Amino acid sequence: MRTTPPLMALSGTAFAILLLIAFMMGANHVAARIAFDHGVDVATAVTFRSAVTALVVVALLRIYRVPIQLTARHRRALPAMGLLVGVQSLCLYSAVARLPVAIALLAFNTYPLWTALWARVVYGQKPPPSLVRAMPVMLFGLALALDVLGASSGLGASGQWQQIGAGVAFALTAAATFGLALVLTQHETGDLDGRLRTASTMGIVAVLALAGVATQGGFQLPQAVAGWWGLVGLTVLYGTAFTIMFTVLPRLGVVGNSAIMNIEPIFALVLAWAILGQAIAPVQVLGGLVVVATVMWLGLRKN
């Protein structure tokens, strides 16, 4: 998580790296679904992913000799951010386990709306006019993507929500908690090195997930080779993407959370179709494109 400096022109290399990060993030969720389908539970997946990422980022802190200087405000905010991202991680993977991967990510991509809401509630900031205009468009696109009336599935509204309700609730909870975490990042830890924020956050998330593992009697590991590939894949893809974001991109002068990376659900849609056989109706694809385009427009406008 990070703050947003002024927009800078993207070189071809920087643009390609942003697309690569979006691809890896989308692939991470497809790998997670493979792991879930072969015996891995959400707490186990989050523990592996977060612990490895935290260790990698801590190693980067030592390699680059990043000074660890925390104010009282940082010490108050970082545990709260870790808790929020922990809830977000568990909820998003829970959504991925229950919904088509692309649909789960599209519902999660409503986090800009939650960010504006939390900024208003916690800090009294009015949402920018561009976000107010974008809200109905994004929600309309999400309604199409979710097939809220069950027209594409043929289940009807009641049957459709029986099938997707829990997954959507998890995805929206993930979006809400992530939005609050972003607001705290901007206002409470914006002056802190991004690698230090990430190491702290991922470490706390790993501890929380490990506590969840303990309450359920231990790790639930894969029951087939494909599950191991999924668990290793989600860990490596997530850790690699975060490492690139906080080492390569700053050197290129690229915004770490550039709107380009919001194309992640599109990559997830293609990968889930090719690898998992998950297909959604054309009208749902249209809704997904509306959501992604709106979020990208917001990201570019913010910059």
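The notes below deal with the structure included here.

### What about the environment of Leu155?
- Its location among the elements puts Leu155 in the loop between α6 (129-146) and α7 (156-188).
- Aside from chain neighbours lying at most four places away, what touches Leu155 is Gly150, Gln160 and Gln163.

### What to know about the packing of aromatic side chains
- The final tally for this structure, using the stated rule, is seven aromatic pairs.
- Arranged with centres 5.6 Å apart and planes meeting at 75 degrees, the rings of Phe48 and Phe219 form a pair that is edge-to-face. With Phe48 in helix α2 (residues 42-63) and Phe219 in the loop between α8 (194-215) and α9 (225-252), this pair connects stretches of sequence that are 171 residues apart.
- The class of Phe48 is partly exposed, set by a relative accessible area of 29%.
- Residue classification places Phe219 among the partly exposed positions, given a relative accessible area of 41%.
- Consider the rings of Phe108 and Tyr111, whose centres lie 5.6 Å apart with planes at 40 degrees: the pair is tilted. You'll find Phe108 and Tyr111 in the same group, each marked buried.
- In this structure an aromatic cluster arises from ring pairing among Phe108, Tyr111 and Phe178.

### So, the side chain of Glu264
- Mapped onto the secondary structure, Glu264 falls in helix α10 (residues 264-276).
- It turns out Glu264 is buried and unbridged, and the closest side chain with the opposite charge, Arg49, is 9.0 Å from it.
- There is a polar contact of 3.3 Å between the side chain of Glu264 and the side chain of His29.

### Side note on the environment of Ser153
- Residue placement: Ser153 occurs in the loop between α6 and α7.
- Here Ser153 falls in the partly exposed class, since its relative accessible area comes to 36%.
- Considering only alpha carbons, one finds Ser153 and Ala281, 128 residues apart in sequence, at a separation of 8.1 Å.
- Among all residues touching Ser153, those that are not within four sequence positions of it are Asp147 and Gln160.
- Only 3.3 Å separates the side chain of Ser153 from the backbone nitrogen of Leu155, close enough to count as a polar contact.

### A closer look at the nonpolar core
- Judged by nonpolar contacts, the single largest core of 79 residues is most densely connected at Ile21, Tyr93 and Leu234.
- Per-element tally for this core: the top contributor is helix α1 (residues 12-36), with twelve residues.
- Leaving out residues up to four positions away in the same chain, Tyr93 has contacts with Asn28, His29, Ala32, Phe36, Val42, Ala45, Val46, Arg49 and Leu234.

Rules used in this analysis
- Residues numbered from 1 in each chain as written.
- Predicted model: local features only at pLDDT ≥ 70, side-chain atom pairs only at ≥ 80, totals over all residues.
- Heavy atoms only, no water.
- Helix = DSSP H or I, 4+ residues; strand = E, 2+ residues; numbered from the N terminus.
- Contact = heavy atoms within 4.5 Å.
- Phe/Tyr/Trp six-rings, centres within 6.5 Å; stacked < 30°, edge-to-face > 60°.
- Buried < 20%, exposed > 50% of the residue type's maximum accessible area, 1.4 Å probe, protein only.
- Lys, Arg positive; Asp, Glu negative; His and termini not counted.
- Salt bridge = Lys/Arg side-chain N within 4 Å of Asp/Glu carboxyl O.
- Polar contact = N/O pair within 3.5 Å; in protein donor to acceptor, adjacent residues only side chain to side chain.
- Core = buried A, V, L, I, M, F, W, Y, C linked by side-chain atoms within 4.5 Å.

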